[in-house]
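# Understanding the architecture of this molecule
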Amino acid sequence: MHHDTTVVLHNRREQERRPRSSALALEASSDARELRPAASQTRCLIGGEHALPWNMATGRYTHAVVSRIPLSLRTRGEIDLELARRQHEAYVRLLRELGLDVIELPPDESLPECVFVEDTAVICNGIALIARPGAPHREKEVETIRVVLKKELDLPIIEIQDPNAKLDGGDVLFTGQEFFVGLSEWTNEGGARAVASAFPEYPCTPIKIPSPRKLKSYVTMGGPCLLCVGAGKECQEVLKRMEREATYSYQTITLPEDEAANVLYLNGTLVHRSEGEIPKSYQVFCDKIDSRRSLEITELAKTSCGLTSSCLLVRRLRICRNL
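Not measured: the values here are computed from a predicted model. (Residues numbered from 1 in each chain as written. Predicted model: local features only at pLDDT ≥ 70, side-chain atom pairs only at ≥ 80, totals over all residues. Heavy atoms only, no water.)

### Looking at the sheet that holds strand β12 (residues 226–230)
Taken together, the three strands give an open sheet; going across it, the order is β11-β12-β13, and neighbouring strands pair in mixed fashion. Strands with a single pairing partner mark the edges of an open sheet, and in this sheet they are β11 (219–223) and β13 (251–255). With direction set aside, neighbouring strand axes in the sheet form an average angle of 35°. Of the pairings in the sheet, the one linking β12 to β13 comprises five bridges and is parallel in character. Its bridge partner being in β13, G230 is matched across the sheet by L255. The strands touched by helix α5 (residues 233–245) are β11, β12 and β13; relative to β12, the strand with the most contacts, the crossing angle is about 150°. Contacts between helix α6 (residues 279–288) and the sheet are confined to β12 and β13, with β13 contributing the most and set at about 145° to the helix. (Pairing = 2+ DSSP bridges. Helix = DSSP H or I, 4+ residues; strand = E, 2+ residues; numbered from the N terminus. Axes fitted to C-alpha atoms, helices over the stretch in contact; angles between N-to-C directions. Contact = heavy atoms within 4.5 Å.)

### Some remarks on the packing of aromatic side chains
One pass over the full model with this rule turns up four aromatic pairs. Residues F174 and Y202 carry aromatic rings whose centres are separated by 4.9 Å and whose planes lie at 70° to one another, so their mutual orientation is edge-to-face. Note that F174 is positioned in strand β8 (residues 172–174) and Y202 in the loop between α4 (189–198) and β10 (204–208), a separation of 28 residues in sequence. Residue F174 is classed as buried on the basis of its relative accessible area, which comes to 18%. Since its relative accessible area comes to 5%, Y202 is described here as buried. (Phe/Tyr/Trp six-rings, centres within 6.5 Å; stacked < 30°, edge-to-face > 60°. Buried < 20%, exposed > 50% of the residue type's maximum accessible area, 1.4 Å probe, protein only.)

### A word on the pairing of strand β9 (residues 179–183)
Most of β9 is tucked away: five of the five residues are buried. On β9, burial covers both faces: F179, V181 and L183 on one face and F180 and G182 on the other are all buried. Summarising the sheet, β8 and β9 pair through three bridges and their orientation is antiparallel. Note that in β9 the partner of F174 across the bridge is F179. Between β8 and β9, which pair antiparallel in sequence order, lie four residues; one of them, G176, sits at a positive phi of approximately 95°. Judged from the five bridges that link them, β9 and β10 form a sheet pairing that is parallel. Bridge pairing links F180 to T205 in β10. For the handedness criterion, the β-α-β arrangement of β9, α4 and β10 is classed as right-handed. (Right-handed = clockwise from strand over helix to strand, strands pointing away.)

### Concerning α5
Side chains of residues three or four places apart in an α-helix project in the same direction, reflecting 3.6 residues per turn. For α5, built from 13 residues, the straight-helix expectation of 18 Å at 1.5 Å per residue is met to within 8% by its first-to-last C-alpha distance of 19 Å. Among the residues making up α5, those that are buried are C235, V238, L239, R241, M242, R244 and E245. (Expected span 1.5 Å × (residues − 1).)

### Quick look at unusual backbone geometry
We note that D154 has phi near 55°; this positive angle belongs to a residue other than glycine. With respect to the helices and strands, the residue D154 is situated in the loop between α3 (139–152) and β7 (157–158). The class of D154 is partly exposed, set by a relative accessible area of 28%. Non-glycine residue C225 carries a positive phi angle of around 60°. Mapped onto the secondary structure, C225 falls in the loop between β11 and β12. Residue C225 is classed as buried on the basis of its relative accessible area of 2%.

### A few points about the environment of V219
Of note, V219 is situated in strand β11. Separated by 33 residues in sequence, V219 and T252 have C-alpha atoms that sit 9.7 Å apart.

### Thoughts on α6
Among the residues of α6, S281, Y282, V284 and F285 are the ones counted as buried. The buried residues of α6 occupy one face: seen down the axis, they fall within an arc of 160°. Seen from the open side of α6, the exposed residues pointing more than 90 degrees away from its buried face are K280 and D287. Contacts from the buried residues of α6 go to β12, β13, β15 (269–273) and β16 (292–295). (Arc of directions from axis to C-beta.)

Right, here's the structure in full:
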């Protein structure tokens, strides 16, 4: 069968965890199936005695890092700035209501896109891989987040060594079992290698993205082993590529509006967009999801993936110092 992805980064989980110095190998995607567990071993259900062991830290967070909106965001499109700020304030309130300590950074007028902090780092198991934005004008955003993660949250920091690598956090999806990295305008194979190197205990698979959008515009996690994906052609193409190359299997919720696919799953609650933005998908969420909240993000969504873009989520046990 023809595979759309050109490479697969294999960091398959072994009986004993490999050291972080393990060499990375790029292999042709035609080899990928030989390295996966049999389908009967990978079926992942929501609950029940046959479900795969879900990484219990996944979807459970203690802190969020956000940035307030600068006036300069207006230069990135036709955005109602006052409405955007009200929507962002509601977003931050909801994060706090869901049990997160929120570190709120001041706006930086020299960085119009600083509100979209997701792109600056990939955080998993208490380790932060510092991203390397595909857009060079966003590099200063990374410098700010590096300081916050290291000095305020005491997270171990990993830097990308490949000078040619590009990596945006919006292209990285962690399922609790494995990583998918979108190969897009902002992220390349060097960036995918960096994710695989930083987190060698998890499989890491690059997925080619069909248009100038990021992976999380097409698919996100809606719960343990549950993918939320749009019904549109491009969303379904991305899903098929993921299904072909995945180490594990997942349930999916297919949503009538593609923009509904970007959701936040944290601390047992699914956060999705408002009924006015996604009326058909809103009903799907009502029918299928018990613990959920909705938010309106019409303005910030004009220049981002959606709900995931405006926060970095962190699970941390020690007390965070105040900024």
